[in-house]
Amino acid sequence: MRPPHDAAPDGHLIPFTGTGWATWRDVVLRGTGFPAESVQALTDAALAAAADEAAADPARLDAYRAEFTAAADRLSAAVRTVARDPRFREAVAWQNPKLLKLCLDKLAAGEPRNVRGRNHELTVASYLQRYGLKNDTIGFVGPVGWARWTDEGEPLAVRVGEDFLARRTVYFEIWAIDALARALSADPEVRPWLVPRLFAAHQLEGSTLHVPGRAPVTLTPAESEVLALVDGVRSVQDVAAELTWSEFPELAEPAALLAAYDELVERGLLRLDLVGAIEAFPERTLIGRLERIKDPEVRERALAVVGRLVDARDRVAAAAGDDVALEAALTVLGDTFQDITGLDGERRAGLTYAGRTLVYEDTVRGVRTTMGPGLRDALSRPLSLLLDSARWLVTQIGEEYDRLFTELYERRVAQSGSPVVPLAAILSLATPQLFFNMRALSKPVRRAVDEFQRRWAAVLQLPQDAREVQLDSAELAGRVAESFPPRPVPWVTAIHHSPDFMLAAADEAAVARGDYLFVLGELHLSFNTMESRVFVQQHDDPPTMLASAEADLGGRRIYGIPSREVPGVSSRVSPPSALLSPGYTYWTMHPESVLPPGPIMPAADLEVLREGDRLIARSRTGSFRAPLSKMFGEPLAAAAVNAFKPVSRGAHSPRITIDRLVIARESWSFPAADVGWAAVKSESDRFLAARRWRIEHGLPERAFYKVPVEDKPTFVDFSSLVYVNILAKSIRRSAEEENGSVSLTEMLPDRSELWLRDAQGARYTSEFRILAVDRVAEEG
């Protein structure tokens, strides 16, 4: 291992003093677009007090029921106000425009609190808690903010602009442009001008086409001829002209050549369409391809089709900030899209990060923040202990996968009798254990995490029945070093980890006098979360972000390009990365989702064999070789990204603080089937029972809860009838799941500890996302 040093060798890095870690100077500030107090409109302190009095004294039940009736009316009025609020309506329009008429308009008109009306209340409350309390980065309800570590200055300095947003940009979802491209590709007059393309995963060798996961395809002489002329530049018309003097002059007619290419497309051996890669502005690439059509009439007609959709998108962008104009513009956009493609303008209803609509908006917050050395030093001591253990964990995960790959390799060798196995075969067999899932960890990752938690339990030595545990980093350092000794990392991006932390402080002055806590959110393993397109596109100078990534990774990164069909792949969020260097090595076994700035090795040319005690990936041509774990670094990082869970949560887990860093908030867990109050049918009795349950178990008034039927944590305020109703519904659904449970976690920072404000002084929840760089790790 290289010794740690305190002077960062690269300008983009700033060291965690006395450790082997540094951090990028650039920091993402994620925050909500609605003030935290927005949610208070749906709480009711008087109702909560009446319920608690009735719980303590049954003689107060009649008074409680009277208060409940009045509270139900107050809730209806509050929800009606939210449903009429132009800013809230605009936020919903961006995400789910159908709800404007199906839900908000009905509530705004005074919909009664019948079954449908209460369901609509739940919808409004659910959106409002997300907009006001969840640090999601999406549109103006979660603008991208930027902060920076500095070498000197105040611990925290915040410059708030007069405008809430410094920039807002509307982008097409990639699936919408894909659909437009396919529609144009089907136009009989456009088809002769399409450019046939080989799949990057395939390898053509004379009359043989190697396809990953399939036996080599032997081509007919005519097929060999037409595929040999495919270079990704020449159109069908151009290739037909080339064939005039070939052995197959009958294919010199574009119609005949199209038929030949169509047959290859049907067999999955060729691409013949206008569909492009995932990028910020895919419509520009589509326009560029259409501009190469040599027939002016066909070209201008096709460009006009794209222009219609672009104009409709621009009308949406111009309507930003006006809910009425936005609703109208989105309707025009949807109608235009359906008229062109015949498809509906929404997809994947209900899924998280699914890119459901035709366009999305990303924005930049009008706030700039700097964090000085005092704040950084206070964070670095406890955080470095966690990062040291993260290095150990990612290496342990790598070892678990090495065992899996070896087992799969040996199984395949036993079947085939050959010591050389196609890489695609190993990857296909391993795929069930190579996935990103917000709700579950794969078996290899789970095994590593179990041992990780056992070791952390020995380090922390938590007392029984404590609600809060305060620890000192200096006292823990030796135990951490012994339990998590440094080992070589298994792939290059394992030098990167992305911690999210919140700052619990009333304001800058509180931070200056030391009245603050850091609160760990997630620590994303082996992953640079800043390479997502949502952050790169909203940075002041994206090329500097690429330069930073290149400085860290050099030419060592081996990037497996993901399939665009994988659920986690989207227009905004990695993968695919938006920071790809010409110096990286690229390979794929799928129709590529991105076009990188360097050559792509086809998976069809890659194979695996054993050398000594490790598996090696190499090209059949002998031009490339690398350890298999490094070859699979990208999918392995995706499988490991959410694995950092140092504390095993029980029925009750205390708040654990190291120095000023809360590494685990206080939490409670209950089998969903045992939470009887959630199944009480009477709304007033259910609320009363929920209040009793909260008091009985010592739960906080406000918390976030996690259930197996939802991807993300949800907020509950036990003084709110509607939020208690949402919690009850989630618990009932979870009770139907095998071993379904509900876990609640204290809200920290709470409302009085939100330092981020707007120009009017309203408070917002927020978190910092940093990139930690391991400066001492060696690669295995």
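Relevant structure appears above.
These numbers were taken from a predicted model, which means no experiment stands behind them.

(A) Spatial organisation of the overall build of the chain. Check the secondary structure of the chain and you find 23 helices and 30 strands. Over its C-alpha trace the chain gives a radius of gyration of 29 Å, about what one expects of a compact globule, namely 28 Å for 780 residues. Projected onto its principal axes, the C-alpha positions of the chain cover 100 × 65 × 55 Å. Within the chain, the proportion of its 780 residues that are buried is 56%. In the chain, once contacts between residues fewer than 6 apart in sequence are set aside, the share between residues at least 24 apart is 75%. Of the charged side chains in the chain, 91 are positive and 108 negative, and the gap between their average positions amounts to 3 Å.

(B) Just the environment of Thr150, in detail. Its place among the elements puts Thr150 in the loop between β4 (144-149) and β5 (156-172). As for Thr150 and Met371, which are separated by 221 residues in sequence, their C-alpha atoms are 6.0 Å apart. In this structure, Thr150 is in contact with Ile14, Thr370, Met371, Gly372, Pro373 and Arg376, ignoring residues within four places of it in sequence.

(C) Region of interest: the sheet that holds strand β15 (residues 585-588). Ordered by their spatial adjacency, three strands build an open sheet running β14-β15-β16, and the pairing between neighbours is parallel. Of all strands in the sheet, those bounded by a partner on one side alone are β14 (558-560) and β16 (600-602). Shown here is a sheet whose adjacent strand axes are inclined to one another by a mean of 30°, direction ignored. Bridging between β14 and β15 involves three bridges; their strand directions are parallel. Note on β15: the bridge partner recorded for Ile558 is Thr585.

(D) The pairing of β4, seen in detail. Counting buried positions along β4 yields five of six residues, so the element is predominantly enclosed. Examined bridge by bridge, strand β3 (residues 26-31) and β4 share five bridges and lie antiparallel to one another. Looking at β4, one finds that Val27 is bridged to Ala147. Both β4 and strand β9 (residues 359-371) contribute to a ladder of five bridges, which runs parallel. For Ala147, the partnering residue across the bridge sits in β9 and is Thr369.

(E) Spotlight on the packing of helix α10 (residues 282-290) against helix α11 (residues 296-319). As a packed pair, α10 and α11 sit with axes 10 Å apart at the nearest point and diverge in direction by 165°. In terms of axis orientation, α10 runs roughly antiparallel to α11. The element α10 and its partner α11 pack so that their crossing is left-handed. Across the interface between the two elements, Glu283, Leu286, Ile287 and Leu290 of α10 pack against Arg299, Ala302, Leu303, Val306, Val310 and Arg313 of α11. Within the contact of α10 with α11, the residues separate by chemical class into seven nonpolar, no polar and three charged.

(F) Spotlight on the pattern of salt bridges. Here the structure, examined in full by the defined rule, presents 61 salt bridges. Here Asp105 makes a salt bridge to Arg89, at a shortest N to O gap of 2.7 Å. You can see Asp105 sitting in helix α4 (residues 98-108) and its partner Arg89 sitting in helix α3 (residues 86-95), a full 16 residues away along the chain. Glu111 is paired through a salt bridge with Arg116; the nearest N and O atoms lie 2.9 Å apart. Judged by relative accessible area, Glu111 falls into the buried class, the value being 11%. On the accessibility criterion, Arg116 (47% relative accessible area) is partly exposed. Several salt bridges converge on common partners, so that one network encompasses Asp52, Arg691, Arg694 and Glu701.

(G) Spotlight on the sheet that holds strand β20 (residues 652-653). Spatially, five strands are ordered β20-β23-β26-β24-β25 in an open sheet, and the strand pairing comes out antiparallel. On the outer flanks of this sheet lie β20 and β25 (714-717), each paired with one strand and no other. Summarising the sheet, β20 and strand β23 (residues 667-671) pair through two bridges and their orientation is antiparallel. Bridge assignment links Ser653 to a residue of β23, and that residue is Ser667. Most of the contacts of helix α23 (residues 721-735) go to β25, to which it runs at about 125°, and overall it touches β24 (702-706), β25 and β26 (741-746).

(H) Geometry of the packing of aromatic side chains. Counted according to the given criterion, the structure contains 28 aromatic pairs. Aromatic ring contacts, followed pair by pair, group Phe34, Phe88, Tyr127, Tyr131 and Phe140 into a single cluster.

(I) Up close: the side chain of Ser563. Tracing the chain through its elements places Ser563 in the loop between β14 and β15. For Ser563, a relative accessible area of 9% translates into the label buried. A polar side-chain atom of Ser563 sits 3.0 Å from the main-chain amide nitrogen of Glu565.

(J) Just the pairing of β15, in detail. By the bridge criterion, three bridges tie β15 to β16 in an arrangement that is parallel. Its bridge partner being in β16, Tyr586 is matched across the sheet by Ile600.

(K) Representation of the nonpolar core within the structure. Judged by nonpolar contacts, the single largest core of 125 residues is most densely connected at Phe88, Tyr261 and Trp677. Ranked by residue count, the leading element in this core is α11, at 10 residues. Residues within four places of Tyr261 in sequence aside, it is in contact with Pro196, Val226, Val230, Val236, Val239, Leu270 and Leu272. Among the nonpolar cores identified, the runner-up in size contains 123 residues, and Phe16, Val144, Ala147 and Val459 belong to it.

Rules used throughout
Residues numbered from 1 in each chain as written. Predicted model: local features only at pLDDT ≥ 70, side-chain atom pairs only at ≥ 80, totals over all residues. Heavy atoms only, no water. Helix = DSSP H or I, 4+ residues; strand = E, 2+ residues; numbered from the N terminus. Rg over C-alpha atoms; globule rule 2.2 N^0.38 Å. Buried < 20%, exposed > 50% of the residue type's maximum accessible area, 1.4 Å probe, protein only. Contact = heavy atoms within 4.5 Å. Lys, Arg positive; Asp, Glu negative; His and termini not counted. Charge placed at Lys NZ, Arg CZ, Asp CG, Glu CD. Pairing = 2+ DSSP bridges. Axes fitted to C-alpha atoms, helices over the stretch in contact; angles between N-to-C directions. Parallel < 35°, antiparallel > 145°, perpendicular 65-115°, else oblique. Left-handed = near helix turned anticlockwise from the far one by under 90°. Nonpolar A, V, L, I, M, F, W, Y, C, P; charged D, E, K, R; others polar. Salt bridge = Lys/Arg side-chain N within 4 Å of Asp/Glu carboxyl O. Phe/Tyr/Trp six-rings, centres within 6.5 Å; stacked < 30°, edge-to-face > 60°. Polar contact = N/O pair within 3.5 Å; in protein donor to acceptor, adjacent residues only side chain to side chain. Core = buried A, V, L, I, M, F, W, Y, C linked by side-chain atoms within 4.5 Å.

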